[in-house]
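Coordinate inspection notes
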Amino acid sequence: MSDTKKIIEDIKNRKLAPIYFLYGNEPYFIDEISDYIANNVLDEGEKGFNQMVLYGRDIDMGELVENAKRFPMMADYQVIIVKEAQDLARHWDKFESYAKQPQPTTILVFNYKYKTPDKRKKVFKEMAKNGVFFESKPLYENKVLPWINSHLKSNGYNIEPKAGQMLIEFLGTEIAKIKNELDKLMIIVPAGTMITPQLIEENIGISKDYNNFELRKALGSRDTVKVNRIINYFAENPKDNPLVVTIGQLHSFFVQLLKLHAMTDRNPQTVARQIGVSPFFVQEYFTAAKHYSMKHCSHAIKIIRDIDMKSKGVGTNKPQQHDLLQELIVNIMYP
């Protein structure tokens, strides 16, 4: 995230590079930089003659280089954005000579998504030397909530930690999906609003009481009544609460508890950093650690893995999600 902000800040200050090679498995940050260049380097009057969008599958490298060597018309720069640049994979060697001496009045942007280039090749070394070579990596789960906070704050909103965690539990860590839901929510509620679990439930359709986050919390405090309510709700709404997601969340939870048991420094900030959660939720892990010893956590992880195999049809025929979930929870709570 900090690299993205630095690149955008440099562009804003007109510290422009002749080549931006944007690659990686998180498309959001690639699009963020590429869109900022498309929207801000040229003014509207200059774009007609000096800005173009090309697609990797539709052009060859010779055509691209020819366009890149043109001079801008009545503007300081021309901007060329190559989307789906990964489709140019077999032709990068033909770009090497241009990468060594790029046209200073051309801003050439490559959107190379879901792949990693062979950095050993000279062409990519030259681009890294003469331009911006940026890898867009997926955020770790403990970095997603700060991103949510930052995105909302920049638009005049705040969010309760539990509401942010609900989004992550339901949507995963793909930033584009989360941003899409947040942007829709910001259309509905006025600026200055505190985003609460209630608002998430009413407008995005995620239950504030019956979700994997609440299941882990209830399991951690050994609240049998609440655990049963949640897994019954999951049984009635299987499409919104797939077993594979629950298994993944519970596995992460008990791995985090194991890490907590191994720690000697129980400072909440240290614990949050080491196990990868927001400090807001650390107390819940302390509570869970009282109920689940290190041995119990190891047993729970084994049970989770066994149920995961059963859910995939190993050692059983046509497993029912609800039956497997009940078996999982009973064996975790009462080993």
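Residues numbered from 1 in each chain as written. Predicted model: local features only at pLDDT ≥ 70, side-chain atom pairs only at ≥ 80, totals over all residues. Heavy atoms only, no water.

1. Side note on the pattern of salt bridges
Opposite charge on two side chains makes pairing possible when the charged atoms of those side chains draw close. Summed over all chains, the structure comprises 17 salt bridges. Among the salt bridges present, the one from Lys100 reaches Glu96, with a minimum N-O distance of 3.8 Å. Here Lys100 pairs with Glu96, and both are found in helix 5 (residues 96–100), just four residues apart, close to one helical turn. Within the structure, one salt-bridge network assembled from shared partners comprises Lys162, Glu214 and Lys226. (Salt bridge = Lys/Arg side-chain N within 4 Å of Asp/Glu carboxyl O. Helix = DSSP H or I, 4+ residues; strand = E, 2+ residues; numbered from the N terminus.)

2. Section: the packing of helix 11 (residues 212–220) against helix 12 (residues 224–236)
Viewed as axis vectors pointing N to C, helix 11 and helix 12 meet at an angle of 150 degrees, and their least axial separation amounts to 9 Å. In terms of their interaxial angle, helix 11 and helix 12 are classed as roughly antiparallel. Once helix 11 is placed against helix 12, the crossing between them reads as left-handed. Contacts from Asn212, Glu214, Leu215, Ala218 and Leu219 in helix 11 reach Lys226, Val227, Ile230, Ile231 and Phe234 in helix 12. Per-class residue counts for the contact of helix 11 with helix 12 are seven nonpolar, one polar and two charged. (Axes fitted to C-alpha atoms, helices over the stretch in contact; angles between N-to-C directions. Parallel < 35°, antiparallel > 145°, perpendicular 65-115°, else oblique. Left-handed = near helix turned anticlockwise from the far one by under 90°. Contact = heavy atoms within 4.5 Å. Nonpolar A, V, L, I, M, F, W, Y, C, P; charged D, E, K, R; others polar.)

3. With respect to a negative patch on the surface
On the surface, Asp58, Asp60, Glu63, Glu66 and Asp87 cluster together into a negatively charged patch. As for its position among the elements, Asp87 is in the loop between strand 3 (78–83) and helix 5. (Patch = residues over 30% accessible without salt bridge, like charges linked within 9 Å, V, L, I, M, F, W, Y side chains within 5 Å. Areas by Shrake-Rupley, 256 points an atom, 1.4 Å probe, with all protein chains shown as cover. Lys, Arg positive; Asp, Glu negative; His and termini not counted. Charge placed at Lys NZ, Arg CZ, Asp CG, Glu CD.)

4. So, helix 2 (residues 27–40)
With 14 residues, helix 2 extends 20 Å from end C-alpha to end C-alpha; this agrees with the ideal 20 Å at 1.5 Å per step. Two to three positions downstream of the cap, the backbone nitrogen of Tyr28 sits 3.0 Å from a side-chain oxygen, assigning the N-cap of helix 2 to Glu26. (Expected span 1.5 Å × (residues − 1). Polar contact = N/O pair within 3.5 Å; in protein donor to acceptor, adjacent residues only side chain to side chain.)

5. Thoughts on the nonpolar core
Core analysis: the largest hydrophobic core is formed by 84 residues, its most contacted members being Tyr20, Ile148, Phe254 and Leu257. Grouped together as the second largest cluster of nonpolar side chains are 23 residues, Tyr23, Trp92, Val123 and Phe124 included. (Core = buried A, V, L, I, M, F, W, Y, C linked by side-chain atoms within 4.5 Å. Buried < 20%, exposed > 50% of the residue type's maximum accessible area, 1.4 Å probe, protein only.)

6. Side note on the sheet that holds strand 4 (residues 106–113)
Either a parallel or an antiparallel arrangement is found when strands of a sheet pair, and the pairing is made through backbone hydrogen bonds. Strand order in this open sheet of five strands is 2-3-4-1-5, and the pairing throughout is parallel. Since the sheet does not close on itself, it has two edges, and those belong to strand 2 (51–55) and strand 5 (132–136), each with one partner. Along the sheet, successive strands turn relative to each other by an average axial angle of 15 degrees, direction set aside. Both strand 1 (residues 19–24) and strand 5 contribute to a ladder of five bridges, which runs parallel. In the sheet register, Phe21 faces strand 5, and the bridge partner there is Phe133. Helix 4 (residues 61–68) contacts strand 2, strand 3 and strand 4 of the sheet and is inclined by roughly 160 degrees relative to strand 3. (Pairing = 2+ DSSP bridges.)

7. Focus on the packing of aromatic side chains
Under the criterion given, the structure shown has 22 aromatic pairs. Measuring from centroid to centroid gives 5.2 Å for Phe21 and Tyr112, while their planes differ by 40 degrees, and the two rings are tilted. Of this pair, Phe21 sits in strand 1 while Tyr112 sits in strand 4, and the two are 91 residues apart along the sequence. Like Tyr112, Phe21 is buried. Judged by centre distance (4.9 Å) and plane angle (20 degrees), the ring pair of Tyr210 and Tyr233 falls under stacked. Linking Tyr210 in the loop between helix 10 (197–204) and helix 11 with Tyr233 in helix 12, this pair joins segments that are 23 residues apart in sequence. Here the aromatic residues Phe21, Tyr23, Trp92, Phe95, Tyr98, Phe110, Tyr112, Phe124 and Phe133 are joined through ring pairs into a cluster of three or more. Note that Arg222 overlies the ring of Tyr334, its terminal NZ or CZ placed 5.6 Å from the centroid. (Phe/Tyr/Trp six-rings, centres within 6.5 Å; stacked < 30°, edge-to-face > 60°. Lys NZ or Arg CZ within 6 Å of the ring centre and 35° of its normal.)

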